[in-house]
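For reference, the chains in residue letters:
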Amino acid sequence: MSFIHDDFLLQTDAARELYHNYAKDEPIYDYHCHLPPQDVANNRRFSDLAEIWLEGDHYKWRAMRSNGVSEAYCTGEADPYDKFLAWCRTVPHTLRNPLYHWSHLELKRYFDIDVLISEDTAKEIWDAANEKLKSDDLSAHGILKNFKVKVVGTTDDPTDDLANHAAIRDQGLDTKVVPTFRPDKALNVDRAEAFNAWVDKLAGVVGSDISSLADLLAALKARHSFFHEMGGRLSDHGLERCYFAETSEQEVSAIFDKARSGSNATEAEKEAFAFYVMREVGRWNAERGWTMQLHVGAIRNNNSRMFRSLGPDTGFDSIGDFPQVRSMSRFLDSLDTTGQLPKTVIYNLNWSDNYAMATMLGNFQDGTVAGKIQLGSGWWFLDQKEGMIAQMNALSNLGLLSRFVGMLTDSRSFLSYPRHEYFRRILCDLLGQDMVSGEIPHDMDLVGGMVKNICFGNANEYFGVLK
C-alpha cells in the first residue's frame, strides 16, 4: 500500500465514512495566511520545485539546519537543485515530525508522485514535478481553483496600497482574496527609530501629517475603512500576550510624543500605549462587524546573530511562556464592558495554556453570535496531529466544538493546502474513535453534519466575507 492512501490516518470505519462522505469534498475557507497578494495578482508560475517547495518555508529550513545542512542550502544562494537535494536528504530524518506527513501529502496532491522522499528518489521527483509545473493547474490561480479555495485572507500592513487586491478583484477568480488589517508596527513605541519610519510611511499613505496620538488613530481608522472597502473583514495581531494598563488619553499622548521625539518608550509605557491602540482597533472591528484575531505566545527572533543576517520570519522563533490569562481577561473586558467586544479568535501557541484560555473565552460569550469568542486552531508549532487534538479536546471539554471555525494554512506557500486535508483526517479520526467507543452517538447525520460545518460552513457563516 502507498504511504499516502485513501484512508491515511483514518483508523476506524466510522472515521473513514466521516472523512470520505462529509469532509473530503468541502471547499477550503483559508481565512488567515501569508500568501503574497502579488503572486495571486500576477498568477505566479514557479520555475522549479525548489522555488515552490522551499522558498520562504522556515519549517523546512529549521529541519534542514537540525540535520546539519548549511545556510547556503536554506536561505542562501546555492543552486536550486542542490537546495532540493539537501531537503530530500533531510526528509527521511523527519520521521514523526509533521513535515514528513505534509511533504508526502504535498507531493501526492500537487504532482501525483507517490514515492518516499529521499536522496535516492530526488532526481525522479525533481524531473517529474518540474514537468508538471509547466501546467496551468500549478500556477497560483490553478492551485486555488483545483483545491476549491473559496476565501483567502492575506496578512497586510495598514500602509499597503492594496493595489494587488484591486487587481485580483478584477480577475474574476472563483476564490475571493481579501486583505487582513495587521497594525502590529503601530505599537512599537519602544523602538522609536523603526516606529517613526513606519508612522512617516503611514502619513504619506493617508496624505496628512501625524504629529499627535489623535492623528495616528485617525490615520489608522482611515486605513481600516479602506480595508473594509476592499473586502477586509478581519484584523490580525501578533502578540506575546494581550496588553492591558490603567491609562488615559493624556498619558498615551505623552508616550506617543516621546517616541516621535526619538526616545524609546519604557516597558510600562509600551504596555499602556499598545493597550490603548489595540482597544481602539477592537472598537472599530465591533463597529464594522469584523473579527479580531489574536496570535499570542510566540517569542521571536531568539538568535540575534541570525536575525542580523537574515531578518525576521526565517525560522528562529519558538514557543514562549508568558503569563497570558489575567491581561487577556482585562483586555477583553475593557471592550465588553462598553458593548464593543468584536468577534474574536485567539490562537494559543503554548498548549499548557489551552484550558485556561478556553475557560477565559467562555466568560465573554454573549449570545449574540454562535461561537463569538473562538479558541483558534492549533497554530504554528501546534498545527500538527498532537497539537490539533489537544486544541480540539480543550475546546470540546470547555466550549462547543460544533461551533469551531476550523483550520487555516497560516502559510506563505501555495503548497500548504493539504494542511486542510490533514486537519480533516485528524478531526474525523478523533470523532470516529469516539463513535466506536460509544462516547458519542453513531449518528452520521449528527456527527457528519458537525464535520461539514467545521470544515467550511462555520467559517463561512462566522466571518461574513462571502456575504
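The structure under discussion appears in the preceding block.
Residues numbered from 1 in each chain as written. Predicted model: local features only at pLDDT ≥ 70, side-chain atom pairs only at ≥ 80, totals over all residues. Heavy atoms only, no water.

Description of empty space enclosed by the protein
If you roll a probe as big as a water molecule over the atoms, it shows you where there is empty space left.
At step 1: In total, this model carries four cavities of 30 Å³ or more according to the counting rule given.
At step 2: Each pocket or cavity is described by its volume, and for the largest cavity that value is around 70 Å³.
At step 3: Every residue lining the largest cavity is listed: G56, D57, H58, Y59, D410, S411, R412, S413, S416 and R419.
At step 4: In terms of residue class, the lining of the largest cavity is built from one nonpolar, five polar and four charged. (1 Å grid on protein atoms, 1.4 Å probe; cavity = no way out; pocket = protein on both sides within 12 Å on 5 of 7 lines; lining within 4 Å. Points joined across faces, edges and corners; volume = space filled by probe spheres on them. Nonpolar A, V, L, I, M, F, W, Y, C, P; charged D, E, K, R; others polar.)

Observations concerning helix α10 (residues 192–206)
At step 1: With 15 residues, α10 ought to run about 21 Å at 1.5 Å a step, and its terminal C-alpha atoms sit 21 Å apart, in line with that.
At step 2: Taken together, the buried positions of α10 are occupied by A192, F195, N196, W198, V199, L202 and A203. For α10, the angular spread of the buried residues around the axis is 165°, confining them to a single face. Exposed positions of α10 whose direction lies more than 90 degrees from the buried face are E193, K201 and G204.
At step 3: Packing partners of the buried residues in α10 comprise α11 (213–229), α12 (249–260) and α13 (267–288).
At step 4: Looking one or two places after α10, you find G207, whose phi comes out positive at around 75°. (Helix = DSSP H or I, 4+ residues; strand = E, 2+ residues; numbered from the N terminus. Expected span 1.5 Å × (residues − 1). Buried < 20%, exposed > 50% of the residue type's maximum accessible area, 1.4 Å probe, protein only. Arc of directions from axis to C-beta. Contact = heavy atoms within 4.5 Å.)

What about the layout of surface pockets?
At step 1: Estimates place the volume of the second largest pocket at around 520 Å³.
At step 2: Lining the second largest pocket are 26 residues, and of these K24, R109, N146, F147 and E421 sit closest to its centre.
At step 3: When contributions to the lining of the second largest pocket are tallied by element, the ones reaching two or more residues are α1 (13–23), α6 (98–111), α8 (140–146) and α18 (418–437).
At step 4: Looking at the lining of the second largest pocket, the element that brings in the most residues is α18, giving five residues.
At step 5: In the lining of the second largest pocket, the residues fall into nine nonpolar, five polar and twelve charged.

Description of the pairing of strand β8 (residues 343–348)
At step 1: Taking burial as the measure, the six residues of β8 include six buried ones, the bulk of the element.
At step 2: Burial along β8 is two-sided: K343, V345 and Y347 and T344, I346 and N348, pointing in opposite directions, are all buried.
At step 3: Pairing of β8 with strand β9 (residues 373–375) involves three bridges; the strand directions are parallel. By the bridge assignment, I346 is partnered in β9 with L375.
At step 4: Between the parallel pair β8 and β9, the chain is carried across by helix α16 (residues 354–362), and the sense of this crossover is right-handed. (Pairing = 2+ DSSP bridges. Right-handed = clockwise from strand over helix to strand, strands pointing away.)

Some thoughts on the sheet that holds strand β5 (residues 291–296)
At step 1: Taken in spatial order, the four strands of this open sheet run β4-β5-β8-β9, and their pairing is parallel. Looking along the sheet, the strands with just one partner apiece sit at the ends: β4 (234–239) and β9. Ignoring strand direction, the axes of neighbouring strands in this sheet form an average angle of 15°.
At step 2: The sheet contacts of helix α15 (residues 325–336) involve β5 and β8, and relative to β5 the element is tilted by about 170°. (Axes fitted to C-alpha atoms, helices over the stretch in contact; angles between N-to-C directions.)

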